[in-house]
Amino acid sequence: MTSRIIKVRIAAKEDAKLIADLSRETFYDTFAASNSKENMDKFMTEKFTSKNLRAEVGADGNTFLLAYYGEEPVGYARLRDNNNPPALKGTSSLEIARIYSIKKMIGKGVGKALMLKSIAIAKEKNKEVIWLGVWEKNETAFAFYKKWGFEKFAEHDFVLGNDVQRDWLLKKEL
């Protein structure tokens, strides 16, 4: 692999299908091995459909970022305004609702590039905090966020299929 730089751009409405495809691929690759086939199938067919994901692109309060390695799309992030959990009590914040890299590019700078752009956008919007949720069993992701200075401030439930899971909410002061 050559040493091309990961480039990140803000996605447009025309990128909706690409984002939906990346979303489904990366979510499945990340969580299928740790969850039952039944729960993954139920979640993917009921909640994480291409139609639902395409509708998010361009919706109010959403900003999507696309990461590229050369011409290849290798990751994405979804940022959301105005979705504060109760524990942030009206703090001006931006949520990183999703941040994913395709499997073959994990550890090659995709997450770093997306995180840098996410933080830059939060600062441009004069946010006090950037925050996200991470599954308590996703140790790799938690270690990545901890390196960036995120700290746990709350928890909430996430339902995957019929399985109620615990997400840790992490924040970083800006």
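Conventions we followed
- Residues numbered from 1 in each chain as written.
- Predicted model: local features only at pLDDT ≥ 70, side-chain atom pairs only at ≥ 80, totals over all residues.
- Heavy atoms only, no water.
- Helix = DSSP H or I, 4+ residues; strand = E, 2+ residues; numbered from the N terminus.
- Rg over C-alpha atoms; globule rule 2.2 N^0.38 Å.
- Buried < 20%, exposed > 50% of the residue type's maximum accessible area, 1.4 Å probe, protein only.
- Axes fitted to C-alpha atoms, helices over the stretch in contact; angles between N-to-C directions.
- Parallel < 35°, antiparallel > 145°, perpendicular 65-115°, else oblique.
- Left-handed = near helix turned anticlockwise from the far one by under 90°.
- Contact = heavy atoms within 4.5 Å.
- Polar contact = N/O pair within 3.5 Å; in protein donor to acceptor, adjacent residues only side chain to side chain.
- Pairing = 2+ DSSP bridges.
- Core = buried A, V, L, I, M, F, W, Y, C linked by side-chain atoms within 4.5 Å.
- 1 Å grid on protein atoms, 1.4 Å probe; cavity = no way out; pocket = protein on both sides within 12 Å on 5 of 7 lines; lining within 4 Å.
- Points joined across faces, edges and corners; volume = space filled by probe spheres on them.
- Nonpolar A, V, L, I, M, F, W, Y, C, P; charged D, E, K, R; others polar.

Q: Hey, could you go over the overall build of the protein chain for me, with residue numbers and the actual values?
A: Helices and strands together make up the secondary structure of the protein chain, namely five helices and seven strands. Relative to a compact globule of 174 residues, whose C-alpha radius of gyration would be 16 Å, the protein chain shows 16 Å and is just as compact. If one aligns the C-alpha atoms of the protein chain with their principal axes, the spans along those axes are about 40 × 35 × 30 Å. Counting over 174 residues, the protein chain shows a buried share of 44%.

Q: Residues and numbers for the packing of helix α1 (residues 16-31) against helix α2 (residues 37-46), please.
A: Interhelical geometry of α1 versus α2 gives an angle of 165° and a closest axis separation of 11 Å. Here α1 is positioned roughly antiparallel relative to α2, judged by the angle of their axes. Seen from above, α1 lies across α2 with right-handed handedness. Together, Arg24, Phe27, Tyr28 and Phe31 of α1 and Met40, Phe43 and Met44 of α2 make up the contact between the two elements.

Q: Any chance you could break down the side chain of Ser93 for me, citing the residues and the numbers?
A: You can see Ser93 is positioned in strand β4 (residues 93-101). Within the structure, Ser93 has its side chain in polar contact with the side chain of Trp131 (distance 3.5 Å). If sequence neighbours within four positions are ignored, Ser93 has contacts with Asp81, Asn84, Leu88, Lys127, Val129 and Trp131.

Q: Just give me the short version of the pairing of strand β7 (residues 163-173), but keep the residues and values in it.
A: Where strand β5 (residues 129-135) meets β7, seven bridges bridge the pair, whose relative direction is antiparallel. Across the sheet, residue Val134 finds its bridge partner in β7, namely Trp168. As paired elements, strand β6 (residues 151-160) and β7 share nine bridges and run antiparallel to each other. Counted as the bridge partner of Asp157 is Arg166 from β7. Turn length for the β6-β7 hairpin, with the two strands adjacent in sequence and antiparallel, is two residues, and the turn residue Gly161 shows positive phi of about 70°.

Q: Account for the environment of Glu173, with residues named and values stated.
A: Note on placement: Glu173 falls in strand β7. With a relative accessible area of 52%, Glu173 lands in the exposed category. Side chain to side chain, Glu173 and Lys171 meet in a polar contact 3.4 Å long.

Q: Describe the nonpolar core, listing the residues and the values that go with them.
A: A general feature of soluble globular proteins is that nonpolar side chains tend to end up buried together. If you look at the biggest cluster of nonpolar residues, it comprises 47 residues, and the most contacted ones within it are Phe27, Tyr145 and Phe150. Taken together, the elements giving at least two residues each to this core come down to α1, α2, β2 (62-69), β3 (72-81), β4, α4 (110-124), β5 and α5 (139-147). The greatest single-element share of this core, amounting to seven residues, is contributed by α4. With six residues, the next largest nonpolar core counts Trp131, Phe153, Ala154 and Leu169 among its residues.

Q: So what's going on with the side chain of Lys127? Which residues, and what values?
A: Its place among the elements puts Lys127 in the loop between α4 and β5. On the basis of relative accessible area, Lys127 is assigned to the buried category, the value being 16%. Engagement of the side chain of Lys127 in a polar contact is seen with the side chain of Asp81, the distance being 3.0 Å. For Lys127, the contacting residues outside a window of four places in its chain are Asp81, Ser92, Ser93, Leu94, Ala122 and Leu174.

Q: Any chance you could break down the layout of surface pockets for me, citing the residues and the numbers?
A: Considering only enclosed or pocket space, the largest pocket measures out at about 1300 Å³ in volume. Among the elements that take part in the lining of the largest pocket, β4 stands out by supplying seven residues, more than any other. Residues belonging to the lining of the largest pocket are distributed by class as follows: 24 nonpolar, 12 polar and 13 charged.

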